[in-house]
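# Analysis of the macromolecular model
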Amino acid sequence: VIYAVPGQGICADETVSALLQAGVEMEIVPGVDETLSRLPLRQETAAIARDGYATVACSQLKGFRPNTARPLLVTQLDTPLEAAQAKLFLTPFYGDEHEVIVVLPKECRSLPLFELDRQKNYDCRSFVLVPPLKSGENGYDFYDLVTILEKLRAPGGCPWDREQTHETLRPCLLEETYEVQEAIDADNMDSLYDELGDVLLQVVFHAQIGAEHAEFNIHDVTTAICEKMIRRHPHVFARRDDIHNAQDVVTAWDEIKKQEKGQRDDAAVLKEVCQAFPAGLLAEKTLKKAAKIGFCWDKEQEVWEKFIEESGELSQALAGQGSVEEEWGDAFFALVNVARCRGINPEIAGRAAVRKFLLRFERMCLQVGDVAHTSKEELLRAWQKVKDTEFTSP
């Protein structure tokens, strides 16, 4: 049997791959690839012939990641339906106005990508050539950012960027992360994607510094996180069948994480919490891990009573019977435990309290004018009036 397919079958035809996987004995004979000969003789097609191009069949687009800096041939546009699928896939990468070259049985034409599925006479020989994007066309991708950082750090680049180290960038990453949190709290999506870009910049910045010192590079960073996500989601990537709900996922995640870190006892589980976290987050994470291994009160009332006990000791310390700082810390830790039992995030709740205070303070200032020259009694009355107005407002 002679089985012929258009183009380079082993690369771009799914049926050939299926036959090979089925164990069919065959001899693959390369045909004459007439693809480029069917394109109009223009400067860009000559460059493609010289520099090479990537090829993918329309049926194999799912999961494919095009390199927009290189030409791409999408083959097997058998019908307008396949052309529509190709258009929908390519548009996010190239933009709907990107000029492409579509080759039909009896004609070849240039058109914007959004018109790809409006053509007629598609058959198994039809394909589309997607030229590479110019710098900045349809925005930039991750590797454009990597290239920009390389240029900034190279000789002749930016003097400030060239001076930075892992140590000097430490506060930058924290500041950018908090600004992401602020954008989320404000439900400001325009600000959120901008702030996420600032965080991503810090990641790429550290990777570029690491590459320059032969420590690690951006490929190591992406490989490490991809391997970790695959390893910690066996129910998705390894078809583990004993994980059925979100709680099972969390349990399996903790088990895998413990195996990865080689932890031998329960104390090590608690010690793995990052000690650089803010106090509220550190306390919450530590208490949650302690609860997971069984070290917690059985009833919420017991947790509350512990907070009352610690509050009493703080009162005694304030009266001169102990360390105020130490007892305040104990009371704070106990209060975070109360929040944990109620499913309250202490960081979010704390920020909400600050925002509420600022709003009330602003409203109070509108009533009293100059706070510094207003008596304490007047300030308290104005503050209470602001609070009463909040409860009576519709």
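These lines cover the structure that appears in this document, whether it is placed above or below. (Residues numbered from 1 in each chain as written. Predicted model: local features only at pLDDT ≥ 70, side-chain atom pairs only at ≥ 80, totals over all residues. Heavy atoms only, no water.)

## Concerning the overall build of the chain
We count it as follows: Helix and strand definitions here come from DSSP, where helices need a minimum of 4 consecutive H or I residues and strands a minimum of 2 consecutive E residues; each element is numbered from the N-terminal end. Atoms counted for the radius of gyration: C-alpha only. Globule rule: 2.2 Å times the number of residues to the power 0.38. Each residue is assigned to one of three classes by its accessible area relative to the maximum for its type, calculated with a 1.4 Å probe on protein chains only: buried under 20%, partly exposed between the two thresholds, exposed over 50%. Two residues form a contact once any of their heavy atoms are found within 4.5 Å. Using a 1.4 Å probe, the Shrake-Rupley method yields the accessible areas, and only the shown protein chains count as cover for residues. Working convention for charge: Lys and Arg count positive, Asp and Glu count negative, and His plus the chain ends are omitted. Where a charge sits is defined by one atom per residue type, namely NZ (Lys), CZ (Arg), CG (Asp) or CD (Glu).
Secondary structure assignment for the chain yields 17 helices and five strands. The C-alpha atoms of the chain give 31 Å as radius of gyration, which overshoots the globular expectation for 394 residues (21 Å, by more than 25%). The principal-axis extent of the C-alpha atoms belonging to the chain is close to 95 × 55 × 55 Å. Among the 394 residues that make up the chain, the fraction classed as buried is 28%. Of the contacts formed within the chain by residues at least 6 apart in sequence, a portion of 50% connects residues at least 24 apart. Surface summary for the chain: the accessible area is close to 26,000 Å², and the carbon and sulfur share equals 56%. On the chain, the mean spot of the 44 positive side-chain charges and the mean spot of the 66 negative ones are 2 Å from each other.

## Thoughts on the sheet that holds strand β2 (residues 72-75)
The pairing of strands in a sheet happens through backbone hydrogen bonds and is either parallel or antiparallel. Selection rule: At least two bridges found by DSSP between two strands are what make those strands a pair. Axes here mean lines fitted to C-alpha atoms, for a helix over just the part in contact, with angles spanning 0 to 180 degrees between N-to-C directions.
Pairing is mixed in the open sheet, where five strands are placed in the order β1-β2-β5-β3-β4. Only two strands of the sheet have a single neighbouring strand rather than two, namely β1 (54-57) and β4 (108-112). On average, each strand axis in the sheet is inclined to that of its neighbour by 25°, with strand direction left out of account. Taken together, the three bridges between strand β3 (residues 99-103) and strand β5 (residues 127-130) define a ladder with antiparallel strand orientation. Following the sheet pairing, Ile-101 is matched in β5 by Leu-129. Those strands touched by helix α4 (residues 80-94) are β2 and β5, and its axis lies near 165° from that of β2.

## Details of the packing of helix α5 (residues 142-153) against helix α8 (residues 189-212)
Going by this rule: By the definition adopted for this analysis, an angle is roughly parallel if under 35 degrees, roughly antiparallel if over 145, roughly perpendicular if from 65 to 115, and oblique otherwise. In a left-handed crossing the near helix is turned counterclockwise from the far helix by less than a right angle, and in a right-handed crossing that turn is clockwise. Classification used: nonpolar for Ala, Val, Leu, Ile, Met, Phe, Trp, Tyr, Cys and Pro, charged for Asp, Glu, Lys and Arg, polar for all others including Gly.
Where α5 contacts α8, the axes come no closer than 10 Å and their chain directions differ by 55°. Regarding the angle of α5 to α8, the classification is oblique. Of the two elements, α5 crosses α8, and the hand of that crossing is right-handed. Contact with α5, carried on its side by Phe-142, Leu-145, Val-146, Leu-149, Glu-150 and Arg-153, involves Leu-200, Leu-201, Val-204, Phe-205, Gln-208, Ile-209 and Glu-212 of α8 and no other residues of that element. Across the contact of α5 with α8, the residue classes tally to nine nonpolar, one polar and three charged.

## Quick look at the packing of aromatic side chains
Our working definition: Pairing of aromatic rings covers Phe, Tyr and the six-membered ring of Trp, with a centre-to-centre limit of 6.5 Å; geometry is then stacked below 30 degrees between planes, edge-to-face above 60, and tilted otherwise.
All told, the structure shown has six aromatic pairs when counted by the stated rule. Plain terms: the ring middles of Trp-328 and Phe-332 are 5.3 Å apart, the flat faces sit at 5° to each other, and that makes the pair stacked. Pair noted here: Trp-328 and Phe-332 are both in helix α15 (residues 324-342), with a separation of four residues, about one helical turn. An aromatic cluster of three or more residues is present, and its members are Phe-357, Phe-361 and Trp-383.

## Quick word on the pattern of salt bridges
Note the threshold: The working definition used for a salt bridge is a side-chain nitrogen of Lys or Arg within 4 Å of a carboxyl oxygen of Asp or Glu.
A complete count under the given rule lists 13 salt bridges for this structure. Its salt-bridge partner being Asp-185, residue Arg-351 comes within 3.2 Å of it at the nearest N-O pair. Taken together, the positions of Arg-351 in helix α16 (residues 346-368) and Asp-185 in helix α7 (residues 170-185) put the pair 166 residues apart, joining distant regions of the chain. By relative accessible area, Asp-185 is classed as partly exposed at 33%. Here Arg-342 and Glu-300 are joined by a salt bridge, their closest N and O atoms 2.6 Å apart. Here Arg-342 is found in helix α15, whereas its partner Glu-300 is found in helix α14 (residues 300-318), with 42 residues between them in sequence.

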